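Structural characterization, general
So the chains spell out like this:
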Amino acid sequence: MAPVVDVFNQLRRLGRGLLSSTHFKLDESIFGMTFVVGKEIYGQDRSFPVILALPDQLFHLDYPSSSVTYALSQIHEISSLVLPTIIVTNFKDIAVFHPPCGLNPEPFFERVAPTTQFSLVLQVIAAACTSSTLPCAWMTSFSPDFEMDLPHGPSQDPHQPLLGDEQVFTTHHCHSDFDIPTLAQNKARALQFFRWHAHIQQQYSKVVACPKDVLVASTNKANFIHDLPHPVPLYPYDASELPADAVAHVKETQRPCPLATAGISESFNQSKTFTIEITELIAKGTERGICTLYQCRITSLDGRPVPSSPSLCLKLLDDRFQEFDRPNEKDPDDLHDRNFSRWMIQSSRHAARVLDVSDIGQYDWHEGQVLFYTNPITGIDHAILVDFGLTSQTYEEERPNFIDNYFGMRYTLRIAFDEELIWKYYEEPDDWDPIYFITSFPGEKESKIIQARDLFPFISVVSS
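Below: a short report on this structure. What you see is a predicted model, and the numbers here were worked out from it, not measured in a lab.

Some details on the overall build of the protein
From N to C terminus, the protein includes 13 helices and 20 strands. Counting every position in the protein, which comprises 464 residues, the buried fraction comes to 38%. Accessible surface computed for the protein: about 27,500 Å², of which carbon and sulfur atoms make up 55%.

Let's talk about the packing of aromatic side chains
A full pass over the atoms with the stated rule returns 12 aromatic pairs. Note on F97 and F109: the rings are 5.5 Å apart at their centroids and 40° apart in plane angle, and the pair reads as tilted. Within this pair, whereas F97 is found in strand β7 (residues 94-98), its partner F109 is found in strand β8 (residues 108-112), the two being separated by 12 residues in sequence. Here F97 matches F109 in class, with each residue buried. Sitting over the face of the ring of Y426, R349 holds its NZ or CZ atom 5.2 Å from the ring centroid.

Some points on the pattern of salt bridges
For the structure shown, the criterion picks out 7 salt bridges. Close ionic contact of D165 with R195 constitutes a salt bridge, the shortest N to O distance being 2.7 Å. In this pair, D165 sits in helix α4 (residues 165-171) while R195 sits in helix α6 (residues 187-203), placing the two residues 30 residues apart along the sequence. The class of D165 is partly exposed, set by a relative accessible area of 26%. Residue R195 is classed as partly exposed on the basis of its relative accessible area, which comes to 37%. We note a salt bridge from E427 to R353, for which the minimum N-O separation is 2.7 Å. One end of the pair, E427, is in the loop between α13 (419-425) and β18 (436-440); the other, R353, is in helix α11 (residues 338-357), and 74 residues separate them in sequence. Accessibility expressed as a relative area gives 32% for E427, which makes it partly exposed. What makes R353 buried here is its relative accessible area of 3%. Ionic contacts of the salt-bridge type, sharing partners, join the residues R349, R353, E427 and D430 into one network.

A few points about helix α3 (residues 118-133)
For α3, which comprises 16 residues, the first-to-last C-alpha distance of 23 Å matches the rise-based estimate of 22 Å (1.5 Å per residue) to within 8%. If you check which residues of α3 are buried, you get F118, V121, L122, V124, I125, A126, C129, T130 and T133.

Some remarks on the environment of Q393
Mapped onto the elements, Q393 comes out in the loop between β17 (391-392) and α12 (405-413). Look at Q393 and you get partly exposed, because its relative accessible area is 42%. Along the chain, Q393 and I403 lie 10 residues apart, while their C-alpha atoms are 8.9 Å from each other. Sequence-distant contacts of Q393, that is, excluding residues within four places in its chain, are made with S358, D359, I360 and N401. At 3.4 Å, the side chain of Q393 forms a polar contact with the backbone oxygen of S358.

A look at the nonpolar core
Residues I345, L385, M409, L413, F417 and Y426 are the most contacted members of the largest nonpolar core, which totals 23 residues. Where this core is concerned, the elements lending two or more residues are α11, β16 (381-385), α12 and α13. Among the elements that line this core, the one with the most residues is α11, at 6 residues. Filtering out sequence-adjacent residues up to four positions away, L413 remains in contact with I345, S348, F372, I422 and Y426. V96, F118, C129 and F458 belong to the second-largest nonpolar core, a separate cluster that totals 22 residues.

Comments concerning the packing of helix α1 (residues 2-11) against α3
Look at α1 against α3: their axes get within 9 Å of each other, and the N-to-C directions meet at 40°. Here α3 runs oblique to α1, going by the angle between their axes. Regarding α1 and α3, the two cross each other, and that crossing is right-handed. Residues P3, V4 and F8 of α1 pack against Q123, A127, T130 and S131 of α3. Here the contact of α1 with α3 is built from residues that sort into 4 nonpolar, 3 polar and no charged.

What to know about empty space enclosed by the protein
The rolling of a water-molecule-sized probe over the atoms marks out the regions of remaining empty space. Taken as a whole and judged by the stated rule, the model has 1 cavity of 30 Å³ or more. For the lining of the largest cavity, a count of residues per class yields 5 nonpolar, 1 polar and 2 charged.

Quick word on helix α2 (residues 66-78)
Along an α-helix, a turn takes 3.6 residues, which lines up residues three or four apart on a common side. The end-to-end C-alpha separation of α2 is 19 Å, in line with the 18 Å expected for 13 residues at 1.5 Å each. Residues of α2 that are buried: S67, V68, A71, L72, Q74 and I75. All buried residues of α2 project into a common sector of 160° when viewed along the axis, lining one side. Opposite the buried face of α2, at more than 90 degrees from it, the exposed residues are S66 and E77.

Notes on the pairing of strand β1 (residues 19-25)
Strand direction decides the pairing type here: β1 and strand β2 (residues 31-37), joined by 7 bridges, are antiparallel. What sits directly across from T22, in β2, is T34. Here β1 folds back onto β2 in antiparallel fashion, the turn holding 5 residues.

Calculation rules
Residues numbered from 1 in each chain as written. Predicted model: local features only at pLDDT ≥ 70, side-chain atom pairs only at ≥ 80, totals over all residues. Heavy atoms only, no water. Helix = DSSP H or I, 4+ residues; strand = E, 2+ residues; numbered from the N terminus. Buried < 20%, exposed > 50% of the residue type's maximum accessible area, 1.4 Å probe, protein only. Areas by Shrake-Rupley, 256 points an atom, 1.4 Å probe, with all protein chains shown as cover. Phe/Tyr/Trp six-rings, centres within 6.5 Å; stacked < 30°, edge-to-face > 60°. Lys NZ or Arg CZ within 6 Å of the ring centre and 35° of its normal. Salt bridge = Lys/Arg side-chain N within 4 Å of Asp/Glu carboxyl O. Expected span 1.5 Å × (residues − 1). Contact = heavy atoms within 4.5 Å. Polar contact = N/O pair within 3.5 Å; in protein donor to acceptor, adjacent residues only side chain to side chain. Core = buried A, V, L, I, M, F, W, Y, C linked by side-chain atoms within 4.5 Å. Axes fitted to C-alpha atoms, helices over the stretch in contact; angles between N-to-C directions. Parallel < 35°, antiparallel > 145°, perpendicular 65-115°, else oblique. Left-handed = near helix turned anticlockwise from the far one by under 90°. Nonpolar A, V, L, I, M, F, W, Y, C, P; charged D, E, K, R; others polar. 1 Å grid on protein atoms, 1.4 Å probe; cavity = no way out; pocket = protein on both sides within 12 Å on 5 of 7 lines; lining within 4 Å. Points joined across faces, edges and corners; volume = space filled by probe spheres on them. Arc of directions from axis to C-beta. Pairing = 2+ DSSP bridges.

Pasting the structure below:
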């Protein structure tokens, strides 16, 4: 049971007691073990599962044998709290005896089918029973935390009178000019923020640049690059976690850094200012998003001309144009031929997998986020993802990242491709996808359950 203990101790919240195991003997031939958590007691309604090992047969004519009946009665007599779930084994067969609970007012048992992976089956069952016993507060939460009220924007005294709308409209240029915690606690200031937001969207266009426009920018105005160490992700991209065909696709479509290829990467990082010339508007983003995407080239670094700049993508973030619950109208593209569609759908599926294993959760999937591109050198059709307006990664071990790119990418593909083609080429969820839903396929009357494959096919119940 050591692996079971190790897994739960990796999942526990900091400050919570360590899970450990304890062993005991009922008599000379019946041995048992259970779990404990430090000195903490979680109330009178919790009791960790007990695992009993005995040498005899577990059943006789579909009923528990006398040895099992005796062992169960002994556990019931010594249980000081509620009756625990009891797992009984003779190292060949396994049976799980459940006490009465809300949905099952009578005790019942389940017999596990014979297996060639006995130790693994016993560990999985013990872990499942332990998980249902531990309180939610003991383990790390896997839900995204959108309720954080972190300092954001200039501090404001909530007791100071409101500025006039005209003054706010003139002096405030983005969300960070407002003190967000103050807005959350002051209705009048919050209403003024929404009036400012409506004014900005009426007066200005989200597209701030056109082809041939020249923009001047600061390379590192906040001195962010040089003052902070290079961030190291808690869960870095690991290609070994991807299927072989996804790894091959990534290698085929991988592109070198254009600045490094042009020999100006270091000069750019060390510069203070630069200018760029817009060559094309690639994507406006959604009305809900704050991003626009342009194609551009660098024309100067610190006033020195750059004659051989590669073609680059420029992502402009402008939170003034973030919408609140406004519908996003869809304008489906023309249907593609089936061969091109197959490659694009499969490439997009691989891209979603790369996001998954890179610990990147994208929450703003929308039209225009997937660009379809044919490499002019290799001739390979593949997808390019742009305009990540709302993403997350694991920034603390205690706050795991919630990732659901499977559905997000699939939703985006529906804008451009026929539903039947998506179901045909998008593939089933991966093992790590938290997916379970029932749907109907085009042209079929019966519904189908869409979910990741069963991770425990070696466990099944034969009778109870």
